[in-house]
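The lines below spell out each chain.
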Amino acid sequence: AQSVTQLGSHVSVSEGALVLLRCNYSSSVPPYLFWYVQYPNQGLQLLLKYTTGATLVKGINGFEAEFKKSETSFHLTKPSAHMSDAAEYFCAVSDRAGGTSYGKLTFGQGTILTVHP
Amino acid sequence: DSGVTQTPKHLITATGQRVTLRCSPRSGDLSVYWYQQSLDQGLQFLIHYYNGEERAKGNILERFSAQQFPDLHSELNLSSLELGDSALYFCASSPTGPVTGELFFGEGSRLTVL
């Protein structure tokens, strides 16, 4: 079974500072990993995903994440925070069951990012 | 706009009642997933349907049921409601084709049980 642990339920940064949101996963098979963002009163939106290939993946809004198998991590970063980045971020792992039972995502508990002026 | 439509957006009801939440997936998506989001449990997977057939069940209570219809829309039925069922219920759909696990979420239905 897959599981995801997000370290830190709240992260606060200043505008222009580095954003680092931590995610560690557990999976019995090579994982597919995702970061989703949820703005207030909205559904989740995909930021980026890792399936296979390059371990550094780039997403929307200047975010990127690096898959590190040895550390079972998939941390999300952004070099310079913007006020509009304030939201809740979820790391997720896919079960990759294959066939038509693919895609069930297991989510972490979420990290609320606050950006101060 | 993800292309996934959920109704109603807000619903207030009393304990013991029954409600139905509706989801229309993105055009062409055969898979529909239901998730429950609450402060104490976070995002919990409830159930997955693919082209009308149930594919996977998660932490779904026996008081809850779902189905996916031939036109691919889905309904989540919640009965004998309890205070603890108050939550945001998300529907998501996924593209067919290669396995990627990417889901497209609706804006959710917020259920308040009084």
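Check the entry above for the structure.
The following paragraphs examine the structure supplied in this document. (Residues numbered from 1 in each chain as written. Chains lettered and ligands numbered in written order. Predicted model: local features only at pLDDT ≥ 70, side-chain atom pairs only at ≥ 80, totals over all residues. Heavy atoms only, no water.)

### Focus on the overall build of chain A
Along its length, chain A carries zero helices and 11 strands. Along chain A, helices and strands appear, N-terminal first, in the series β-β-β-β-β-β-β-β-β-β-β. In terms of C-alpha radius of gyration, chain A reaches 14 Å, essentially the compact-globule figure of 13 Å for 117 residues. If one aligns the C-alpha atoms of chain A with their principal axes, the spans along those axes are about 45 × 30 × 20 Å. Within chain A, buried positions represent 44% of all 117 residues. In chain A, 57% of the contacts between residues at least 6 apart in sequence involve partners at least 24 apart. (Helix = DSSP H or I, 4+ residues; strand = E, 2+ residues; numbered from the N terminus. Rg over C-alpha atoms; globule rule 2.2 N^0.38 Å. Buried < 20%, exposed > 50% of the residue type's maximum accessible area, 1.4 Å probe, protein only. Contact = heavy atoms within 4.5 Å.)

### A short note on the sheet that holds strand β8 (residues 74-78) of chain B
All names here are of chain B. Spatial ordering of the open sheet is given by β1-β3-β8-β7, a layout of four strands whose pairing is antiparallel. With one partner strand each, in any of the chains shown, β1 (5-7) and β7 (64-68) form the two edges of the open sheet. In this sheet, neighbouring strand axes are inclined to one another by 15 degrees on average, regardless of whether the strands run parallel or antiparallel. (Pairing = 2+ DSSP bridges. Axes fitted to C-alpha atoms, helices over the stretch in contact; angles between N-to-C directions.)

### Regarding the packing of aromatic side chains
How two aromatic rings sit relative to each other is set out by the distance from centre to centre and by the angle between their planes. In this structure the tally under the stated criterion is 13 aromatic pairs over all chains. Ring centres of F107(A) and Y35(B) lie 5.4 Å apart, and the angle between their planes is 85 degrees; this geometry places the pair in the edge-to-face category. With one member in each of two chains, F107(A) in strand β10 (residues 105-107) and Y35(B) in strand β4 (residues 31-38) form a pair that bridges those chains. Y35(B) matches F107(A) in its accessibility class, with the two residues each being buried. (Phe/Tyr/Trp six-rings, centres within 6.5 Å; stacked < 30°, edge-to-face > 60°.)

### Observations concerning the pattern of salt bridges
All names here are of chain B. Enumeration according to the criterion identifies nine salt bridges over all chains in this entry. Measuring nitrogen to oxygen at the nearest pair gives 4.0 Å for the salt bridge that ties E75 to R22. Taken together, the residues span a long stretch of sequence, with E75 in strand β8 and R22 in strand β3 (residues 19-24) at a distance of 53 residues. Exposure remark for E75: the relative accessible area of 18% places this residue in the buried category. Overall, R22 belongs to the partly exposed group, its relative accessible area being 34%. Residue R63 is joined to D85 by a salt bridge in which the shortest nitrogen-to-oxygen separation is 2.8 Å. Here the residue R63 occupies a position in the loop between β6 (53-57) and β7, and D85 occupies one in the loop between β8 and β9 (87-94), the gap between them amounting to 22 residues. Note on D85: relative accessible area 3%, which makes it buried. (Salt bridge = Lys/Arg side-chain N within 4 Å of Asp/Glu carboxyl O.)

### With respect to the side chain of T111(A)
Along the chain, T111(A) turns up in strand β11 (residues 111-116). Within the local environment of T111(A), its side chain forms a polar contact with the side chain of Q6(A), the two groups lying 3.2 Å apart. (Polar contact = N/O pair within 3.5 Å; in protein donor to acceptor, adjacent residues only side chain to side chain.)

### Comments concerning the nonpolar core
Membership of the largest hydrophobic core comes to 27 residues, with the highest contact counts inside it found for W35(A), L48(A), F74(A), L76(A) and Y89(A). Put simply, the parts of the chain that give this core at least two residues each are β2 (10-14), β3 (19-26), β4 (32-38), β5 (44-50), β7 (64-68), β8 (73-78), β9 (87-94) and β11 of chain A. In this view, Y89(A) contacts Q6(A), L21(A), W35(A), Y36(A), V37(A), L47(A), F63(A), L76(A), G110(A), T111(A) and L113(A); residues no more than four positions away in its chain are not counted. W34(B), I47(B), Y49(B) and L111(B) belong to the second-largest nonpolar core, a separate cluster that totals 20 residues. (Core = buried A, V, L, I, M, F, W, Y, C linked by side-chain atoms within 4.5 Å.)

### Examining the layout of surface pockets
Approximately 540 Å³ is the volume attributed to the largest pocket. When residues of the lining of the largest pocket are traced back to their parent elements, those giving at least two are β9 and β11 of chain A together with β4, β5 (42-50) and β9 of chain B. Residue composition of the lining of the largest pocket, by class: 11 nonpolar, 11 polar and two charged. L44(A), D1(B), S2(B), F105(B) and E107(B) are, among the 20 residues lining the second largest pocket, the residues nearest its centre. Secondary structure elements with two or more residues in the lining of the second largest pocket: β4 and β5 of chain A together with β1 and β10 (104-105) of chain B. Considering every element that reaches the lining of the second largest pocket, the biggest residue donor is β5(A), with three residues. Its residues placed into classes, the lining of the second largest pocket shows nine nonpolar, eight polar and three charged. (1 Å grid on protein atoms, 1.4 Å probe; cavity = no way out; pocket = protein on both sides within 12 Å on 5 of 7 lines; lining within 4 Å. Points joined across faces, edges and corners; volume = space filled by probe spheres on them. Nonpolar A, V, L, I, M, F, W, Y, C, P; charged D, E, K, R; others polar.)

Everything listed here is a matter of geometry and, on its own, says nothing about what the molecule does.
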